[in-house]
Amino acid sequence: MLCSSAVLLTATACGSGDDSSASGGDDKTITWWHNSNNEPGKGYYEQVAEDFEKDHPGIDVEVVAMAHEDMVDKLEAAFQSGDLPDVYMERGGGELADHVEAGLVRDLSEDASEEIGKINSGTLAGWQVDGKTYALPYSVGVVGFWYNKDLFAKAGIDQPPATMEELSADVEKLKGAGITPVSVGAGDKWPAAHYWYYTALRSCEQDVLEDAVTSLDFSDPCFVKAGEALEGFVEDQPFNPGFLTTPAQEGATSASGLLATGQVAMELQGHWEPGVMQGLTEDEKGLGDKTGWFPFPAVEGGKGDPEAALGGGDAWAVAETAPDAATDLVKYLLSDEVQQGFAKNDMGLPTNPAATDSVSDPALAGLIQVRDSAPFVQLYFDTAFGTSVGNAMNDAVALLFAGEATPQEIVDETQEAADQEK
Amino acid sequence: MTSPVTAAPADIEAGAAVTRRVDARRVTRRSGRDKRRKRLEILFFVAPALALMAIFVVYPVFSAARMSFYRWKGFGPMVDFVGLQNYSRVLTDDVFGQAVVHNFVIVFASILVQLPLGLALALLLNRRIRGRGLLRTIIFVPYVLAEVIAGVVWFQLLQPRTGLIETVLTSVGIPVPEQGFLGTPDLALTTVFVVLTWKYLGLAVLLFLAGLQGVPDELHEAAQLDGASWWQVQRRITIPLIAPTIRTWCFLSMIGSLQLFDMVWILTGGGPANATTTMATYLISQGSQRSNFGIAGAASVVLFLIGFAMAVAYQFLVLRRDTRADA
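Residues numbered from 1 in each chain as written. Chains lettered and ligands numbered in written order. Predicted model: local features only at pLDDT ≥ 70, side-chain atom pairs only at ≥ 80, totals over all residues. Heavy atoms only, no water.

Caption draft 1: Quick look at the overall build of chain B. Tallying secondary structure elements over chain B gives 14 helices and two strands in all. Within the span of chain B, comprising 327 residues, buried residues form 39% of the whole. Look at the contacts in chain B between residues 6 or more apart in sequence, and 67% of them connect residues 24 or more apart. Accessible area of chain B: about 18,900 Å², with a carbon and sulfur share of 67%. (Helix = DSSP H or I, 4+ residues; strand = E, 2+ residues; numbered from the N terminus. Buried < 20%, exposed > 50% of the residue type's maximum accessible area, 1.4 Å probe, protein only. Contact = heavy atoms within 4.5 Å. Areas by Shrake-Rupley, 256 points an atom, 1.4 Å probe, with all protein chains shown as cover.)

Caption draft 2: Layout of a positive patch on the surface. All names here are of chain B. The grouping of Arg33, Lys35, Arg36 and Arg39 at the surface amounts to a positive patch. As for its position among the elements, Lys35 is in helix H1 (residues 2-67). Accessibility expressed as a relative area gives 56% for Lys35, which makes it exposed. (Patch = residues over 30% accessible without salt bridge, like charges linked within 9 Å, V, L, I, M, F, W, Y side chains within 5 Å. Salt bridge = Lys/Arg side-chain N within 4 Å of Asp/Glu carboxyl O. Lys, Arg positive; Asp, Glu negative; His and termini not counted. Charge placed at Lys NZ, Arg CZ, Asp CG, Glu CD.)

Caption draft 3: Summary view of the nonpolar core. All names here are of chain A. Counting 79 residues, the largest nonpolar core has Tyr195, Trp196, Phe223, Phe239, Met266 and Phe401 as its most contacted members. Both of domain 1 (29-142 + 311-375) and domain 2 (144-294) provide at least three residues apiece to this core. With 54 residues, the next largest nonpolar core counts Tyr44, Phe52, Ala325 and Leu334 among its residues. (Core = buried A, V, L, I, M, F, W, Y, C linked by side-chain atoms within 4.5 Å. Domains from an automatic or database assignment.)

Caption draft 4: View of the pattern of salt bridges. According to the stated counting rule, one finds 12 salt bridges over all chains in the structure shown. Note that Glu95 of chain A and Arg91 of chain A form a salt bridge whose closest N and O atoms lie 3.4 Å from each other. Judged by its relative accessible area of 18%, Glu95 of chain A is buried. With relative accessibility at 32%, the residue Arg91 of chain A sits in the partly exposed group. The shortest N-O distance in the salt bridge between Arg106 of chain A and Asp324 of chain A comes to 3.0 Å. A residue pair is termed long-range when its members are at least 10 positions apart, and Arg106 of chain A in the loop between helix H5 (93-101) and helix H6 (113-118) and Asp324 of chain A in the loop between strand S11 (309-318) and helix H15 (325-333) qualify at 218 residues. Assessed through its relative accessible area of 10%, Arg106 of chain A is described here as buried. A network of salt bridges, in which partner residues are shared, links Lys189 and Asp395 of chain A together with Arg290 of chain B.

Caption draft 5: A look at the sheet that holds strand S9 (residues 264-269) of chain A. Residues and elements named next belong to chain A. Strand order in this open sheet of four strands is S8-S9-S7-S10, and the pairing throughout is mixed. Since the sheet does not close on itself, it has two edges, and those belong to strand S8 (180-182) and strand S10 (291-294), each with one partner. Taken pair by pair, the neighbouring strands of this sheet meet at an average axis angle of 20 degrees, ignoring direction. One ladder, built from four bridges, connects strand S7 (residues 144-148) with S10; its direction is antiparallel. Looking at the pairing, Phe145 lines up with Phe294 of S10. (Pairing = 2+ DSSP bridges. Axes fitted to C-alpha atoms, helices over the stretch in contact; angles between N-to-C directions.)

Caption draft 6: Representation of the confidence of the model for chain B in the model. All names here are of chain B. Looking at chain B as a whole, its pLDDT mean stands at 87, while 89% of the residues score no less than 70. Contacts of residues 1-16 to residues separated by more than four positions or lying in other chains number five contacts, the stretch itself having pLDDT below 50. Model confidence for the complex is summarised by a pTM of 0.84, with the ipTM given as 0.81. (pLDDT = per-residue confidence, 0-100.)

Caption draft 7: Representation of the domain arrangement of chain A within the structure. Residues and elements named next belong to chain A. The assigned domain composition of chain A is domain 1 (29-142 + 311-375) and domain 2 (144-294). Here domain 1 and domain 2 have C-alpha centroids that lie 28 Å from each other. Each partner contributes to the interface: domain 1 provides eight residues, whereas domain 2 provides seven residues. Between domain 1 and domain 2 the total buried area reaches about 600 Å² when both faces are included, carbon and sulfur atoms providing 71% of it. Across the domain 1-domain 2 interface, the total number found is zero salt bridges. Seen at the junction of domain 1 and domain 2, the total is zero residue pairs in polar contact (both at pLDDT 80 or more). Secondary-structure elements contributing two or more residues to the side of domain 1 that touches domain 2 are strand S6 (135-142) and helix H17 (362-373). (Buried area = accessible area lost by both parts, 1.4 Å probe. Polar contact = N/O pair within 3.5 Å; in protein donor to acceptor, adjacent residues only side chain to side chain.)

Caption draft 8: Summary view of the pairing of strand S1 (residues 29-34) of chain A. Residues and elements named next belong to chain A. Summarising burial for S1: six of the six residues are buried, a large majority. In the sheet, S1 pairs with strand S2 (residues 60-65) via six bridges, with the strands oriented parallel. When the bridges of S2 are listed, His34 appears paired with Ala65. In this fold, the crossover linking S1 to S2 by way of helix H3 (residues 41-55) has right-handed handedness. (Right-handed = clockwise from strand over helix to strand, strands pointing away.)

Caption draft 9: Structural context of the state of the cysteines. Residue and element names in this part refer to chain A. Under the counting rule described, the total for this entry stands at one disulfide over all chains. Between Cys204 and Cys222 runs a disulfide, and the two sulfur atoms are separated by 2.0 Å. Taking the sign of the torsion about the S-S bond as the criterion, the disulfide between Cys204 and Cys222, at about 100 degrees, is right-handed. Taken as a pair, Cys204 in the loop between helix H10 (190-203) and helix H11 (206-215) and Cys222 in helix H12 (residues 222-235) lie far apart in primary sequence, 18 residues in all. Accessibility expressed as a relative area gives 2% for Cys204, which makes it buried. (Disulfide = S-S within 2.5 Å.)

Caption draft 10: Quick look at the interface of chain B and chain A. Of the residues lining the interface, 41 residues belong to chain B; the matching set on chain A comes to 34 residues. Here chain B and chain A share an interface that buries about 3,100 Å² over both sides, 58% of which is from carbon and sulfur atoms. Ranking the residues of chain B by area buried against chain A places Lys73, Phe75 and Arg290 of chain B at the top, with a combined share of 20%. Our count for the contact surface shared by chain B and chain A stands at two salt bridges. With a closest N to O distance of 3.1 Å, Lys73 of chain B and Asp98 of chain A form a salt bridge.

Caption draft 11: Region of interest: the environment of Gln369 of chain A. Residues and elements named next belong to chain A. Structurally, Gln369 is set in helix H17. Overall, Gln369 belongs to the exposed group, its relative accessible area being 61%. Distance from Gln369 to Ala315, taken between C-alpha atoms, is 20 Å for residues 54 residues apart in sequence.

Caption draft 12: Helix H2 (residues 85-92) of chain B, seen in detail. Buried within H2 of chain B are the following residues: Asn86, Tyr87 and Val90 of chain B. An end-on view of H2 of chain B places all buried positions within 100 degrees of arc, on one side of the element. (Arc of directions from axis to C-beta.)

Caption draft 13: Just the packing of H3 of chain A against H15 of chain A, in detail. All names here are of chain A. Packing of H3 against H15 leaves a shortest axis separation of 11 Å and a crossing angle of 125 degrees. By the angle between their axes, H3 is oblique relative to H15. Taken as a pair, H3 and H15 cross one another with a handedness that is right-handed. Across from Val48, Asp51 and Phe52 in H3, the residues of H15 making contact are Ala325, Asp328, Leu329, Tyr332 and Leu333. By residue class, the composition of the contact of H3 with H15 is six nonpolar, no polar and two charged. (Parallel < 35°, antiparallel > 145°, perpendicular 65-115°, else oblique. Left-handed = near helix turned anticlockwise from the far one by under 90°. Nonpolar A, V, L, I, M, F, W, Y, C, P; charged D, E, K, R; others polar.)

Structural data, given as structure tokens:
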């Protein structure tokens, strides 16, 4: 408890013990932390754990369901102390690479090769370090524009925009109809940064992006071009008033809340948006039938693939100190059977192809198609580059939204933070 | 026969002396035992507080200081020693510079605005007026509210377009900023300061009212008999007599302003465009968000040193008069 509530200064207090035994202690008990804290997910995972125990006599699975934010805080404290749960969630990218470097995560490449083989390699890449797989993604989604079909129709837009120019034209149409075009939670920074990630994804070739993740070199001119494309869009002033301090998804006045309550026409957001919007409306339906989705438009003259998607998700990882049975549990979690149940309960976007047809929510089913037909899914830049570089990048993009940074400065700030990493 | 007779008083004397000595020894032994017991008692009762202080104050301070010399991401062994590099990064960082400026703006604005306002309200509420108890409660309630709750309420009140404050202002024809009070970089810090004043004025008024209780009525009466006006009485008698309270409040306000975090974090998160960052939000964003614990450690040491230097300077220059007077 002390550790989880500790703030920065006391953080090391928890790290001083070098007792690295995983919680649960013995070889027969597996602790498993997850964030499906609501029904049906919570009950489903309890059932999954019971089924696993039945197939593995003598093994006891201790399931701990937590609210997402609680889990993130507790995991952070767990990483500091080295006392990790046996099975836990990894978001991939630079964060995972740091955990690998610190020797906290187990290499699953050999033990789970069968499951790894089933997952789309473009999706898996985010959880690989030096060609080895350290976690198995069980739910991966993509970012795109969620929009209100009624408001688009009211403004006379019959086709979602395919290029940035068309998007700007639609923004004007919406403004003309007296509708606030776009909400963005720039107060939390990452929702604003997603715009730059996408303009970079549309401006840069796949090779350039892949190189940047490992070399942390942002000298390619396409990164400046990405900022210019974004700057043009920001200058159209498409956003909700006060967007610089608007939170992403807390409360009805957040960016997601504004879309859910019909006060803005669209928002660039991840696959979790329909669920978030349901939680922010009184009837718990969110936008309901009015919900529409379109991919981020192409940047004129950009070298990036307009079909490529920005996304990310969650993967199950096994702590280095965990009993071997923990690996079996993770393999079971990725099995056709468990992933199908996961999909049927609308708990996310399954990665096992055997389960993708079981998704019943039409919005999520559509996203899976986009994800699986994309030439590659670029992991969110802040996750891919790690917290230090990623947050420096997000801060700089947020400054561009405020008109206080140039496209070149985003690149410079990011490069500076990256150089500190080398 | 004489000898026993003569010996007897001597014996008695000697015996008495012995008894006295024994008594004295017993007394010193008892008082020594008492002292030791007292010390043990003090130790026993103070130990929990000391232990908590050591765990939550002393250890973290040293731990942060140690962290500030390493490049460390928050897990794994702390081995990458970088000397003073983290300090040079903090001190050359524009954002940290702005944060220090914002902290000092709040320090001085608090004293310049809240002191006269708090004093005026305290003097007013010290008079016998109708509804005094109610007024005192209204002014003190914000201080009792949890800072985060107050912050969330103000955040909603200050929502652009839909918030109560903008609705009221526009309905009486006062123009409101395009991006709202919190979303406009030039207005954000002022807005945060107004909310802070609302929140902390109650403490100033409470302290000043308590100070006013200590001013004897006889002085007022005597001054009035001498023909002093109400205003003269306040200026020449009341305020000088509650000056120690005022100086203590200034000290508390200064330290609070330097450590300012909660309200800023809730209202703006340090934004828009770093317009409201404080040293505390800077170190949280570097530490918890960017995992640059070395830089955050260096920033926290700088914050500690600034706070410590200001506290010591204030003690020497201002508060020494009060402590000397007490002695």
